[in-house]
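# Chain and residue survey
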Amino acid sequence: MHFDDALPVLVDLATGLFGESAFKKNLVLRDASGRLTFIIRDRIAQKARKQFDRKLSEALGSYVLIPSATPDELFDPSLNDDADVMYERVTVKDAIVKIGLVDRRIVGEDWNRPNFKAPISNIPIVTFFSCKGGVGRSTALAVAAAAFAEMNKNVLIFDFDLEAPGLGSLFLNAEEMPDFGALDYFVENGLGGVDDSFLASCVAPSPLTAGRGLVEVVPAVGRLSQAQPQNVIPKLGRAFLADTDGQGGTLTFLDQTRSLVSSMAQRRRY
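## Brief notes about the pairing of strand β5 (residues 95-103)
- Pairing between strand β1 (residues 27-30) and β5: 4 bridges, direction parallel. Considered in β5, the bridge of L27 is made with G100.
- Where strand β4 (residues 86-92) and β5 come together, 7 bridges link them in antiparallel fashion. Its bridge partner lying in β5, E88 is registered against I99.
- If you look at the hairpin formed by β4 and β5, you'll find 2 residues sitting between the two strands, and K93 has a positive phi there, around 55°.

## Focus: the packing of aromatic side chains
- Tallied over the entire structure, the rule returns 10 aromatic pairs.
- Plain terms: the ring middles of F18 and F38 are 5.6 Å apart, the flat faces sit at 20° to each other, and that makes the pair stacked. You can see F18 sitting in helix α1 (residues 3-18) and its partner F38 sitting in strand β2 (residues 36-39), a full 20 residues away along the chain.
- Seen in terms of ring centroids, F18 and F52 are 5.3 Å apart; in terms of plane orientation they differ by 45°. Their pairing is tilted. Of this pair, F18 sits in helix α1 while F52 sits in helix α2 (residues 46-60), and the two are 34 residues apart along the sequence.

## Examining the sheet that holds strand β7 (residues 204-205)
- With mixed pairing, 3 strands are arranged side by side in an open sheet as β6-β8-β7. Both outer strands of the open sheet, β6 (155-158) and β7, are each paired with one neighbouring strand and no more.
- In the sheet, β6 pairs with strand β8 (residues 215-218) via 4 bridges, with the strands oriented parallel. Its bridge partner lying in β8, F158 is registered against V218.
- Contacting β6 and β8, helix α3 (residues 137-150) runs over the sheet at an angle of about 160° to β6.
- Each of β6 and β8 touches helix α9 (residues 253-265); the most contacted strand, β6, lies at about 155° to it.

So, how was this worked out
Residues numbered from 1 in each chain as written. Predicted model: local features only at pLDDT ≥ 70, side-chain atom pairs only at ≥ 80, totals over all residues. Heavy atoms only, no water. Pairing = 2+ DSSP bridges. Helix = DSSP H or I, 4+ residues; strand = E, 2+ residues; numbered from the N terminus. Phe/Tyr/Trp six-rings, centres within 6.5 Å; stacked < 30°, edge-to-face > 60°. Contact = heavy atoms within 4.5 Å. Axes fitted to C-alpha atoms, helices over the stretch in contact; angles between N-to-C directions.

Okay, here's the thing in structure tokens:
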């Protein structure tokens, strides 16, 4: 049994024993290690549930956490609502079954959150995004920034491609690079927070555009990381970790991204 096999096996067993409505209300919970639990939120016969538990344990082995459980049995009332549910289509015996999945991860849970609401309502935010490199994303962004600057508009650019940065070197010469970048923000903010002087050290104006507007850039990595590349991978290993808000709450990577965008955007009119 491997990670890719586990979820289809569970779905196959559940639909076989509980019928086509097995996932009408019920969910699958996958923990940080990849182990699965069938979350019961609908009425299921006890005899069928016991049979399911036995067969799933035999089939999944180490990939089963608890074969089945209700939210109350797990003392997790959040499983009663759909706030953290994402929907997946699982192929089982040439048929596609739509299921609700709660995917608990140590890092990266922000991918499950459906919307990135603008942190500042009066500033338009545009995201240049692609799943593949080399398609002209950075070039398109540079052309757009130059066009807006020519129209007398100030533009603030963030490079959030932390693992394969490129906007910094595209917009800034080596001597114009700020000391820090977005990667440094995520690391330092997780330790003791950052102040205005640190934020000012994460952004630099670009000489690439000669328009009437200002183009400023927050690179993924700054000058100090470029001078000490051995520190980049250790920083990446910490950048995506959740932080605390000082009151016991959790600040995810997305929360911290929103905070960085908001803080930087308040420095001038963009």
